[in-house]
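Close look at the chain arrangement
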Amino acid sequence: MRPHPARRRSAVTALVVTVVLLAPGTAAAADRAPTCRAPRSAGPLAKQLTRDVKAALAGRTGTVSVVVRDDRTKVRCSLAAGTRYDSASIVKVLMLEATLRRAAHRGRQPTGWERRNLRPMIRSSDNASAGRLWNDLGRPYLTSTLRRAGTTGTSLGPYGYWGLTRTTAADQMRLLDALTARRGSFMTAASRSYGLKLMSQVQKNQRWGVPAGMPRGLRAHLKNGWLPRATHGWRIHSIGAFTGGGRSYRIAVLSHGNPSMKYGVRTVERVAQAVHRALNKGRAVGRGLTPPAEISERSDGSVPPDAPEFPDPYEETAGQGPAGVPAP
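So, how was this worked out
Every chain is numbered independently, its residues counted from 1 as its sequence is written. Only residues with pLDDT of 70 or above have their local features reported here, since the model is predicted, and side-chain atom pairs are shown and tallied only from 80 upward, although totals for entire chains, interfaces and linings are computed over all residues. Side-chain measures were taken over the full set of non-hydrogen atoms in the model, leaving aside hydrogen atoms and water. Labels follow the DSSP assignment, with helices taken as runs of H or I lasting at least four residues and strands as runs of E lasting at least two, numbered in each case from the N terminus. For the exposure calls, accessible area comes from a 1.4 Å probe over protein chains only, and a residue counts as buried if that area is under 20% of its type's maximum, exposed if over 50%, partly exposed in between. Only heavy atoms matter for contacts: two residues are in contact if any of them lie within 4.5 Å across the pair. Using the Shrake-Rupley algorithm and a 1.4 Å probe, accessible areas are obtained, with residue cover drawn only from the displayed protein chains. Should a side-chain nitrogen of Lys or Arg be within 4 Å of a carboxyl oxygen of Asp or Glu, the pair is scored as a salt bridge. Pairing between strands is defined by DSSP: at least two bridges between them are needed. Joining through side-chain atoms within 4.5 Å is the link that ties buried Ala, Val, Leu, Ile, Met, Phe, Trp, Tyr and Cys residues into a set, and such a set is a nonpolar core. When two rings of Phe, Tyr or Trp (its six-membered ring) have centres within 6.5 Å they constitute a pair, described as stacked for plane angles under 30 degrees, edge-to-face for angles over 60, and tilted for the intermediate range. Here, a charge over a ring is recorded when the distance from Lys NZ or Arg CZ to the ring centre is within 6 Å and its angle to the ring normal is within 35 degrees. Axes, fitted as lines to C-alpha atoms, cover a helix only where it is in contact. Angles between the N-to-C directions of the axes lie from 0 to 180 degrees. When describing relative orientation, an angle under 35 degrees is termed roughly parallel and one over 145 degrees roughly antiparallel, while 65 to 115 degrees is termed roughly perpendicular and anything else oblique.

**Focus: the overall build of the protein chain**
Scanning the protein chain from terminus to terminus reveals eight helices and nine strands. Expressed as a percentage of the 328 residues in the protein chain, the buried residues total 52%. Contacts spanning at least 24 positions in sequence make up 67% of the contacts within the protein chain whose residues lie at least 6 apart. Carbon and sulfur atoms make up 52% of the accessible area of the protein chain, which amounts to about 14800 Å² in all.

Shown next, in the form of structure tokens:
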């Protein structure tokens, strides 16, 4: 018996194109097989993104995670989205959202003190401001904000080391979604607008990363993190939302194991360039790769150089902390 026409249409609508993208040096295991998905109408775009991101990562060393969400075409791409990294300064987006959420819950605008700390924390990645907000918000409220955002792999840094918050590209995308979603966000429209405004005003020497390859007519709302440690080398992270010109999409690229900051920035920017090119065919590029001379090799300062190496709380034995340090 032939299926009813309406049922046939529903089945076609529900079809999804899935493309497997293997990172260089990554085993073809089910939990390490990233995908690009899209409705059938955007299937060619999903395939192109797969090819282009794979080419961007060809020959690059280190561990890289990528998540892309495009609101117009509904393309969804992820590569090692659940891998955990020390957050470095991208944890400041969590602090931004938690501060704005708290103000809204209390029925008020952010106070003068909150604004005086939020602005430098986001615009210039000021660490003193971040430390003040971290302490003022407290771990319970930061944890509840993570829960409201739907994160599943993020744990706050121990003993006040907020830059050692462990996070994933998937969770960073959830936090970006909270800033851009018109429906289902735990943040008010005014809070989202203010947060995005601050992220669009990041100072020039910190605007490397995911804006690379961005076409003219778009605005980048971003936050970066750059931190060297004894283990895993340089952590180089860049997350951003892009709006304008009829487009709204988000990119999160997290990495570690980079031999230098310049190397990690170039890896992130090659990925971003591929994504922007695929999503904006025919549009003139407004921003190229960051010249090496404009990339420093200095840490973002989110973690003191003498901070101990803490084991991952998702892996350590309950009740045991690093050597000589009691568990939090």
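So much for the structure itself; the text now carries on.
**Description of unusual backbone geometry**
Despite not being glycine, Ala 88 shows a phi value in the positive range, around 55 degrees. Following the sequence through the fold, Ala 88 ends up in the loop between strand S5 (85–86) and helix H3 (91–105). Ala 88 sits in the buried class, given a relative accessible area of 0%. Despite not being glycine, His 232 shows a phi value in the positive range, around 65 degrees.

**What to know about the pattern of salt bridges**
Inspection of every chain in the model, using the stated rule, returns 13 salt bridges. Of the charged contacts in the structure, one is a salt bridge between Arg 229 and Glu 309, with a shortest N-O distance of 3.7 Å. Taken as a pair, Arg 229 in the loop between strand S7 (219–228) and strand S8 (234–244) and Glu 309 in the segment after helix H8 (261–279) lie far apart in primary sequence, 80 residues in all. Through salt bridges that share partners, Arg 102, Arg 108, Glu 114 and Asp 136 make up one connected network.

**Structural notes on the pairing of strand S3 (residues 63–70)**
For S3, a buried count of six out of eight residues is recorded, marking the element as mostly surrounded by other parts of the structure. Judged from the eight bridges that link them, S3 and strand S9 (residues 247–256) form a sheet pairing that is antiparallel. When the sheet's bridge partners are listed, Asp 70 is paired in S9 with Tyr 249. Where S3 and strand S4 (residues 76–79) come together, four bridges link them in antiparallel fashion. Counted as the bridge partner of Val 66 is Leu 79 from S4. Between S3 and S4, which pair antiparallel and follow one another directly, the connecting turn spans five residues, one of which, Lys 74, has a positive phi of 65 degrees.

**As for helix H7 (residues 189–199)**
Every buried residue of H7 is accounted for by Ser 191, Arg 192, Tyr 194, Gly 195, Leu 196, Leu 198 and Met 199. On the buried face of H7, the contacting elements are H3, helix H4 (112–123), helix H6 (169–180), S7 and S8.

**Describing the nonpolar core**
One finds Leu 49 and Met 95 to be the most contacted residues of the largest nonpolar core, which totals 79 residues. Ranked by the residues each element gives to this core, the list is headed by H8, at nine residues.

**Overview of the environment of Leu 146**
Relative to the assigned elements, Leu 146 resides in helix H5 (residues 127–149). Taking relative accessible area as the criterion, Leu 146 reaches 5% and is therefore assigned buried. In this structure the C-alpha to C-alpha distance between Leu 146 and Glu 97, which are 49 residues apart in sequence, comes to 9.5 Å. In contact with Leu 146, other than residues within four places in its own chain, are Leu 94, Thr 151, Thr 154 and Leu 156.

**Remarks on the packing of aromatic side chains**
Under the counting rule described, the total for this entry stands at four aromatic pairs. With a centroid separation of 5.7 Å and an interplanar angle of 80 degrees, the aromatic rings of Trp 208 and Trp 226 are classed as edge-to-face. Of the two residues, Trp 208 sits in the loop between H7 and S7 while Trp 226 sits in strand S7, which places them 18 residues apart along the sequence. Among the residues examined, Trp 208 registers a relative accessible area of 3% and is labelled buried. Of the residues examined, Trp 226 reaches a relative accessible area of 8% and is grouped as buried. Within the aromatic cluster, the residues linked to one another by ring pairs are Tyr 159, Tyr 161 and Phe 310. A cation sits over an aromatic face here: Arg 60 above Tyr 263, 4.0 Å from the ring centre. Positioned above the aromatic ring of Tyr 141, the side-chain terminus of Arg 101 is 4.8 Å from the ring centre.

**Focus: the environment of Gly 82**
Note on placement: Gly 82 falls in the loop between S4 and S5. Judged by its relative accessible area of 57%, Gly 82 is exposed. Taking the C-alpha atoms as reference, Gly 82 lies 9.8 Å from Thr 154; in sequence the two are 72 residues apart.

**Notes on the packing of H3 against H5**
The geometry of H3 relative to H5 is characterised by a closest axis approach of 8 Å and an angle of 70 degrees between their N-to-C directions. The angle between H3 and H5 falls in the class roughly perpendicular. Along its contact with H3, which presents Val 91, Lys 92, Leu 94, Met 95, Ala 98, Thr 99, Arg 101, Arg 102 and His 105, the element H5 presents Asn 127, Ala 130, Leu 133, Trp 134, Asp 136, Leu 137, Tyr 141, Leu 142, Ser 144, Thr 145, Leu 146 and Arg 148.

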